Amino acid sequence: MQLINESKSKKTVNKKNLKAALTLATTALLGSVQVSATPTSVAAEEDTWSFDSAFLYYSEADRVSAAEAVFNAKKTYSDDSILNLKLTVDALTGASANGAVAQPDVQTFTRPSGKGDYEIKAGETPLDDTFHDTRVQLNAQWTQALAPNVTGSVGGHLSKEYDYLSLGINGNIAYDFNKKNSTISFGLSHFQDTFTPEGGLPKPFASMPLAYHDSDDESGHDATRMGSDDDKTTSDIMVGFTQVINRRMVTQFNYSYSVVDGYLTDPFKVLSLLNNQGLAQDYLYENRPDKRTKQSVFAQTKYHFDETILDVSYRYMWDDWEIKSHTVDTRFYIPLGNGSYLEPHLRFYQQGAAQFYQPFLMEDDATPEFASADYRIGEMTAYTVGLKYGMKLADGNDLSFRLEYYRQDPKSAGHKAPGALADMEIYQSIDAIIAQVSYSF
Amino acid sequence: MNNKFKYSLVFAAVTLASGCSSLGVEPWERDLLATEQMALTSSPIDSALDDHIYFSKEASSGGKSFGGGGCGCN
Amino acid sequence: MKKLREIKLAKRADGFCIQFDAMASQCEVIIETSDPALAKQLGEQVSTEVWRIEDKYSRYTSDSLCSQINQSQGKPIAIDDETFALLNFADTCYQLSDGVFDITSGVLRKVWCFDCSDNIPTALAIAKVMENVGWHKIKYDNRQMILPINMEIDFGGIGKEYAVDRAIVLINSVTEQPVLVNLGGDLATNSSRKNGQPWQVGVEHPGFVDKKTIVVSLFKGALATSGDAKRFLEKNGQRYSHILNAKTGWPIEHAPRSMTVSAPQCIQAGILATLAQMQGENAEQFLVEQGIKHWAIR
């Protein structure tokens, strides 16, 4: 008879963690025996690719329109590592506000290329209609488990326009705890951008008409320039906390700290220099600080009702340019059966003006250190109303349509409009339509 | 915005963090949370496209994900 | 006597229900499918598996492996991988409960007869039977086990739950359709229902006529119940539950009359329900501390 070594077969059990010990014992028990039935439809775990594509059309009334196409390929490996590759191509055409204010008379501006002029009718906001740009962007992201409950992710970014190059890297690490109900994450990202605007970089507050005074003589133009290209770096730190509240609810909190350093001025934007009757005497190139430190807090909650899902988020952003903004974004997912759904979307945005924002310069005032009349850093409210309709196709692929209306209402930050400007519309609203088709397979 | 709000937000986050032992679900109760519609970013492409639009039209960016630079965006 | 074994297939609004008798319980398999052939195939496979486990591990069946072990008279007896795995699981439960749960405690029924009477055995009688109780006296490895003479093992505390889990393993290898397996109240499911809704499971508490059936929403995972209102003794106002402490030979005092527990696997739910009952008046607290969902009746 063979002697049985008792100590070999009977193990000691950690009583502290009852559930873990039982799970282990259960796995040993249920995993130990061959299943006697013949498997008929066992789906083996293997690497899978999934693809998302989208086409978006953005169009502002009388201003720019943009077409953007995205193709995303995602490979999920059997160990749950994920490789994500994304190609984005967009094309922009149309007119963009050049920063000057409307006048009671016709205004003439030179195009940034220096070739040709464009005239703005009396009473209209000056728009530079020469914008057309094509951009190609590549993103790659690799995500994998580094340890039980620890997920790491690294990514690269490349974006190229004919006058702009952006290179970026990012890294993120997330730790799940409390049965994966809580996650803390920490991320870093860094972008290195190079801007080579057509016509070079204008000197702060240089006169635009002077630059193009005589198209045969380049010296006047060159005197207003300070080089052909400049750099900008953007460094972000983000910490996040995600918490599952219950079976129906999940929340997220993020804090971001971002430093943008380098050439932050828009080389195509000018300010009208007005006399005390409010009439434009000159157009001077804007100038912004070469550093901006932004911070933001972000909170999001998703709640699953019996059928529908409510998604609400809020962001508060503030920076050392004294811009403060509030963003509320709400989506409501309504399933219609058979995999189709409707999703209304509401977004509200409000920002305060940068400390150096001003809609125009006055001849009698001393030239400030920094000034910009770009309405995008002025006081503004904006809202978006949209609706998305998605459906599951017979082959299991997803098709969706999205149509949104976006309106920006720039507001006066308290700058008094002199004389002739009293009747002019300085803060013109912008209406835009966003239309998108997405297909996933 | 006043500081009071900021503090209350931080307070909410801390309350949630410290209370998390009683929050959450068992793995087999994740039926709703596991659906793709319940993912915090349920439609990454839409989010990326929106981020790009608002990045180029407003003074704020990021918050939910990295704000980034990445384009001239005039 | 050969047991009469048959399965009944019935059409439901959202699929099929297969019923059969096994392990002294009513068993059912509910499958959400429109394919009657698949339902029939699953019903046959599940019932065959459950009956196989019953035939192998029931101490009431004279030719079962369990009976062979109990009649081995202290001689080594060959065991297979499945039995070895079950013994290992029983060993874990024994250690986790500090010996209160013990699959050798079945011999105590020779003195404890839970027939709602006041028939309380004497301490001497209990002590005598306790000589033949004690998991630590058993020697086993992956090929054979030695059960000392006069001792018995009983898989009654884990067998039915094990059968439920085995049925789910089997089902998962055949289909991805939502299926619920219910062996007399110990049950498990492979996924939520097709409409994304949970299975509504009525937890029946045998004998509690005045208690409303608790309806539990189950998305995935298992439920098991420990306790039976009909099985107790009562003397001088003192109620003795049928949950015996294998260390003392005496019933656990102040245990809930019924304890239902949910867990990913049925065998976990079952053992957690039993371990909780063994905590007596601290049964609920025990589960709360472990963060385990449960429904108790006192």
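Residues numbered from 1 in each chain as written. Chains lettered and ligands numbered in written order. Predicted model: local features only at pLDDT ≥ 70, side-chain atom pairs only at ≥ 80, totals over all residues.

Student: Can you walk me through the overall build of chain A in this structure?
Tutor: Secondary structure summary: chain A contains 4 helices and 21 strands in total. Every one of the 441 residues in chain A was classed for burial, and the buried ones make up 34%. For chain A, long-range pairs separated by at least 24 residues make up 61% of all intrachain contacts whose partners lie at least 6 apart in sequence. (Helix = DSSP H or I, 4+ residues; strand = E, 2+ residues; numbered from the N terminus. Buried ≥ 20, exposed ≤ 12 C-beta atoms within 10 Å, placed from the backbone. Contact = placed C-beta atoms within 7 Å.)

Student: What should I look at first to understand the confidence of the model for chain B in this one?
Tutor: Any residue range with low pLDDT should be treated as having predicted coordinates unsuitable for detailed reading. All names here are of chain B. When pLDDT is averaged across chain B, the result is 71; 53% of the residues are at 70 or more. Per-residue pLDDT stays below 50 along residues 11-21; that stretch engages in 10 contacts with residues further than four places along the chain or on separate chains. Scored by ipTM, the complex comes to 0.85, with pTM at 0.61. (pLDDT = per-residue confidence, 0-100.)

Student: Can you help me understand the interface of chain B and chain A in this one?
Tutor: Interface size is commonly expressed as the accessible surface area that is lost when the partners come together. With 36 residues of chain B in contact, the opposing surface of chain A contributes 75 residues. For the side of chain B that touches chain A, the elements supplying multiple residues, two or more each, are α1 (3-18) and α2 (44-57) of chain B. Considering every element that reaches the side of chain B that touches chain A, the biggest residue donor is α2 of chain B, with 5 residues. Along the lines of polarity and charge, the residues of the side of chain B that touches chain A split into 19 nonpolar, 12 polar and 5 charged. (Nonpolar A, V, L, I, M, F, W, Y, C, P; charged D, E, K, R; others polar.)

Student: Sorry if this is basic, but what is going on with the pairing of strand β8 (residues 164-177) of chain A here?
Tutor: Within a regular strand, the side chains alternate between the two sheet faces. All names here are of chain A. Pairing geometry for strand β7 (residues 150-161) and β8, over 12 bridges, is antiparallel. Paired with His157 across the bridge in β8 is Gly168. Here β7 folds back onto β8 in antiparallel fashion, the turn holding 2 residues. Where β8 meets strand β9 (residues 182-195), 14 bridges bridge the pair, whose relative direction is antiparallel. The residue bridging Tyr175 from the neighbouring strand is Ile184, located in β9. (Pairing = 2+ DSSP bridges.)

Student: Explanation requested: the pairing of strand β15 (residues 309-319) of chain A in the structure shown.
Tutor: Residues and elements named next belong to chain A. Across the two faces of β15 the burial differs, with Ile309, Asp311, Ser313, Arg315, Met317 and Asp319 buried and Leu310, Val312, Tyr314, Tyr316 and Trp318 not buried at all. One ladder, built from 11 bridges, connects strand β14 (residues 291-304) with β15; its direction is antiparallel. Its bridge partner lying in β15, Lys302 is registered against Asp311. The loop that links β14 with its antiparallel partner β15 comprises 4 residues. In terms of strand pairing, β15 meets strand β16 (residues 324-337) through 10 bridges, oriented antiparallel. Counted as the bridge partner of Met317 is Ser325 from β16.

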